[in-house]
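Letter by letter, the chains look like this.
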Amino acid sequence: MAEFGFNEHHQNEVINYMRFARSKRVLRLKTIDSCFEELKDSRLVEETFTVDEVKEMLDGLQAVVRGEVEMELINTAHTNVLLLRQLFSQAEKFYLRLQSDISELENRELLEQVAEFEKTDFKSTDKINQETSKPKLAPLNEGGVSELLNKEIARLQEENDKLKARLRTLESQAMSALDERSKAERALKDLQKVQGEQQLAAKSQEISSLEDTVAALREDYERSLSANTASKKDLQENLISAKHELLRVQEQLSLAEKELDKKFQQTAAYRNMKEILTKKNEQIKEIRKRLQRYEPNE
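Before going into details, it helps to say that this report is about the structure given with it. Note that this is a predicted model, so its numbers are computed, not measured. (Residues numbered from 1 in each chain as written. Predicted model: local features only at pLDDT ≥ 70, side-chain atom pairs only at ≥ 80, totals over all residues. Heavy atoms only, no water.)

Looking at the nonpolar core
Item 1. Formed by Ile 32, Cys 35, Leu 39, Met 57, Leu 61 and Val 65, the largest nonpolar core amounts to six residues.
Item 2. Where this core is concerned, the elements lending two or more residues are α1 (8-42) and α2 (51-93).
Item 3. For Leu 61, the residues in contact, after removing those within four places along its chain, are Cys 35, Phe 36 and Leu 39.
Item 4. By size, the runner-up hydrophobic cluster in this structure holds five residues, among which are Leu 188, Tyr 270, Met 273 and Leu 277. (Core = buried A, V, L, I, M, F, W, Y, C linked by side-chain atoms within 4.5 Å. Buried < 20%, exposed > 50% of the residue type's maximum accessible area, 1.4 Å probe, protein only. Helix = DSSP H or I, 4+ residues; strand = E, 2+ residues; numbered from the N terminus. Contact = heavy atoms within 4.5 Å.)

See the structure below:
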């Protein structure tokens, strides 16, 4: 089969398939012949038949023959699909993509060459090349280009696995850094909350004391007003003075609060927390830059 460019191995594979197709064809032809013989033996027992009887017999024979031929064509198409499945499976193992030209299936010149091969070479090599049935196609030759392709695929796969492992490590480090940052932020918030509650408690005590003082002065003022109108002016002045004192004390409390906040920011705990958060932010920025180098499109 030199006209088709096949080597000896592939030529033997074609011969095996043609032998299989020929056996199926012969079996189907025998089935069709048996249909005619059955009609002859079962129906053609009289000397004369009417037109309707002949038509009925031919219609029945046509239905049987049509069913046999249709079944053979369907089985042939399905068998060819299974053959292509084996070829494509072998090709995909080596990352190859096979293509077919459907128009070549009706090339009369090639079909005549195949018919001539079946009449000559196929019959002459039938006994020489007869082999045992093979459940699977022989594997493709892994030498040359296929071997280099396999090595390159294996190398790229190994490199891809390393990059994936590195990416998982970086993601783990990033998650750890984020967890530590969250813990540090929660600790800082808790510390600020405790400091704020203590300051609010102290301020509340001072304001409550001043309010009590103002209430006492107001009571004295009211008693003095009813008892002695002459001291009304003095009491008013005292009340105004007390209000001024209250405003002054509130202003001092506001200044003290600002001073406490400033002192708290100068404490070692606050500086340590701020330094930890700064370092974690820098680590996260560095990890994100490294992730950008491995995953630039994400």
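Looking at the packing of α1 against α2
Item 1. The N-to-C vectors of α1 and α2 enclose an angle of 170°; their axes lie 10 Å apart at closest approach. Taken together, the axis directions place α1 and α2 in an arrangement best described as roughly antiparallel. In the packing of α1 onto α2, the handedness of the crossing is right-handed. Between α1, through Tyr 17, Phe 20, Lys 24, Arg 25, Arg 28, Thr 31, Ile 32, Cys 35, Phe 36 and Leu 39, and α2, the contact on the second element is made entirely by Met 57, Leu 61, Val 64, Val 65, Glu 68, Val 69, Met 71, Glu 72, Asn 75, Thr 79, Asn 80 and Leu 83. (Axes fitted to C-alpha atoms, helices over the stretch in contact; angles between N-to-C directions. Parallel < 35°, antiparallel > 145°, perpendicular 65-115°, else oblique. Left-handed = near helix turned anticlockwise from the far one by under 90°.)

Comments concerning the pattern of salt bridges
Item 1. Evaluated as defined, the whole model comprises nine salt bridges.
Item 2. Two residues, Glu 68 and Arg 28, come together in a salt bridge whose shortest N-O distance is 2.6 Å. Taken together, the residues Glu 68 in helix α2 and Arg 28 in helix α1 connect sequence positions 40 residues apart. For the pair Glu 68 and Arg 28, one class covers both residues: buried.
Item 3. Among the salt bridges present, the one from Arg 181 reaches Glu 185, with a minimum N-O distance of 3.2 Å. Here Arg 181 pairs with Glu 185, and both are found in helix α5 (residues 145-227), just four residues apart, close to one helical turn.
Item 4. Since its relative accessible area comes to 30%, Glu 185 is described here as partly exposed. (Salt bridge = Lys/Arg side-chain N within 4 Å of Asp/Glu carboxyl O.)

As for the packing of aromatic side chains
Item 1. One pass over the structure, following the stated rule, counts one aromatic pair.
Item 2. Between Tyr 17 and Phe 20, the aromatic rings sit 6.4 Å apart at their centres with planes inclined by 40°, giving tilted as the arrangement. With Tyr 17 and Phe 20 both in helix α1 and three residues apart, this pair spans about one turn of that helix. (Phe/Tyr/Trp six-rings, centres within 6.5 Å; stacked < 30°, edge-to-face > 60°.)

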